[in-house]
Amino acid sequence: MHINATLVNLYQVCKRECWLHANGITMEHNSDLVYDGKLLHKTSYADRARKYNEIEISARFKGIDLFGKIDFYEAHERVIHETKRSDKAEAAHEWQVKFYMWLLHLNGIEEVSALLEYPQLRQTTPIDLTPSDIETLETTVMEIIALKEKEKCPAPIHKPICKSCSYYELCYIDEE
């Protein structure tokens, strides 16, 4: 069993999307917004994109493989930079970054800080990881595993954010 940062993010936004993604049903390849986000990541900090690549990191927790790809990590400063297109799911973005910080912690890298960057909004949010956050992440990982193992997909959540989701047509095909 493995859990990645994307699942941690999705779990915060929509259990249905998390379940679908965890069970191998992905729709992001059809999404203009996902493509736009990847393009933003490559073009917003041009020097960074030329000099650095994403960093893949993994760890094990209670026999579970944890995995993440950090947009940019300044090793000498111990700072994670995560670039996002919009702050509509800011809480989910924060938990994704905290997950990266936890992965580094599990690998013995301490005193890591993080910056959540929204270039189009010209906004940067510092992120810290507390012992309480680690407990929440441990619980979240176990809840994601339980969710993934459920036989039935959760119902759609009927929120405004659904209209921009890459799974929208899959979730609401019978309602139009």
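Residues numbered from 1 in each chain as written. Predicted model: local features only at pLDDT ≥ 70, side-chain atom pairs only at ≥ 80, totals over all residues. Heavy atoms only, no water.

### A closer look at the overall build of the chain
So, step 1. From N to C terminus, the chain includes 7 helices and 7 strands.
So, step 2. Scanning the chain from its N terminus toward the C terminus, one meets helices and strands in the order β-α-α-α-α-β-β-β-β-α-β-β-α-α.
So, step 3. Residue pairs at least 24 apart in sequence account for 68% of intrachain contacts in the chain once pairs closer than 6 positions are excluded.
So, step 4. In the structure as shown, the chain presents an accessible area of about 10,300 Å², 48% of it carried by carbon and sulfur atoms. (Helix = DSSP H or I, 4+ residues; strand = E, 2+ residues; numbered from the N terminus. Contact = heavy atoms within 4.5 Å. Areas by Shrake-Rupley, 256 points an atom, 1.4 Å probe, with all protein chains shown as cover.)

### Overview of the pattern of salt bridges
So, step 1. Using the criterion set out here, one finds 4 salt bridges in the structure.
So, step 2. Put simply, Asp65 and Arg60 hold a salt bridge, and the shortest N to O gap is 2.4 Å.
So, step 3. In this structure Asp65 comes out as partly exposed when scored by relative accessible area, which is 34%.
So, step 4. Take Arg60: its relative accessible area is 52%, and that puts it in the exposed class.
So, step 5. The closest approach of N and O atoms between Glu82 and Lys84, which form a salt bridge, is 3.4 Å. (Salt bridge = Lys/Arg side-chain N within 4 Å of Asp/Glu carboxyl O. Buried < 20%, exposed > 50% of the residue type's maximum accessible area, 1.4 Å probe, protein only.)

### Concerning the sheet that holds strand 4 (residues 72-74)
So, step 1. With respect to topology, 4 strands assemble into an open sheet ordered 4-5-6-7, the strand pairing being mixed. The sheet terminates laterally at strand 4 and strand 7 (123-127), the two strands that pair on one side only. With strand direction ignored, the average angle separating the axes of adjacent strands in the sheet is 20°.
So, step 2. Across 5 bridges, the pairing between strand 5 (residues 79-83) and strand 6 (residues 113-118) is parallel. Bridged to Glu82 within strand 6 is Leu116.
So, step 3. Sitting on the sheet, helix 5 (residues 90-106) touches strand 4, strand 5, strand 6 and strand 7, and the angle it makes with strand 6 is about 150°. (Pairing = 2+ DSSP bridges. Axes fitted to C-alpha atoms, helices over the stretch in contact; angles between N-to-C directions.)

### Some words on the packing of aromatic side chains
So, step 1. Enumeration according to the criterion identifies 3 aromatic pairs in this entry.
So, step 2. Arranged with centres 6.1 Å apart and planes meeting at 65°, the rings of Phe99 and Trp102 form a pair that is edge-to-face. Of this pair, Phe99 and Trp102 are both found in helix 5, 3 residues apart, which corresponds to roughly one turn of the helix.
So, step 3. Between Tyr168 and Tyr172, the ring centres sit 5.0 Å apart and the planes meet at 35°, which makes this aromatic pair tilted. (Phe/Tyr/Trp six-rings, centres within 6.5 Å; stacked < 30°, edge-to-face > 60°.)

### Some remarks on the packing of helix 2 (residues 15-22) against helix 6 (residues 131-149)
So, step 1. Orientation of helix 2 relative to helix 6, taken along the N-to-C sense of each, is 70°, at an axis distance of 9 Å. With respect to helix 6, the axis of helix 2 lies roughly perpendicular. Two secondary-structure elements touch here, helix 2 through Lys15, Cys18, Trp19 and Ala22 and helix 6 through Ile144, Leu147 and Lys148.
So, step 2. Its residues placed into classes, the contact of helix 2 with helix 6 shows 5 nonpolar, no polar and 2 charged. (Parallel < 35°, antiparallel > 145°, perpendicular 65-115°, else oblique. Nonpolar A, V, L, I, M, F, W, Y, C, P; charged D, E, K, R; others polar.)

### As for the nonpolar core
So, step 1. In this structure, Ile3, Leu66, Ile80, Phe99, Trp102 and Val141 are the most contacted members of the largest nonpolar core, which totals 41 residues.
So, step 2. Sorting elements by how many residues they give to this core places helix 5 first, with 8 residues.
So, step 3. Those residues within four positions of Ile80 in sequence are excluded, and the remaining contacts are Ile70, Phe72, Tyr73, Tyr100, Met101, Leu104, Val112, Ser113, Ala114 and Leu115. (Core = buried A, V, L, I, M, F, W, Y, C linked by side-chain atoms within 4.5 Å.)

### Quick look at the pairing of strand 2 (residues 55-61)
So, step 1. Judged from the 7 bridges that link them, strand 2 and strand 3 (residues 64-70) form a sheet pairing that is antiparallel. Opposite Ile55, over in strand 3, you have Ile70 as the bridge partner.
So, step 2. The antiparallel pairing of strand 2 with strand 3 creates a hairpin that spans 2 residues between the two strands, and Lys62 there sits at a positive phi of about 50°.

That's the geometry; what it means functionally is another story.
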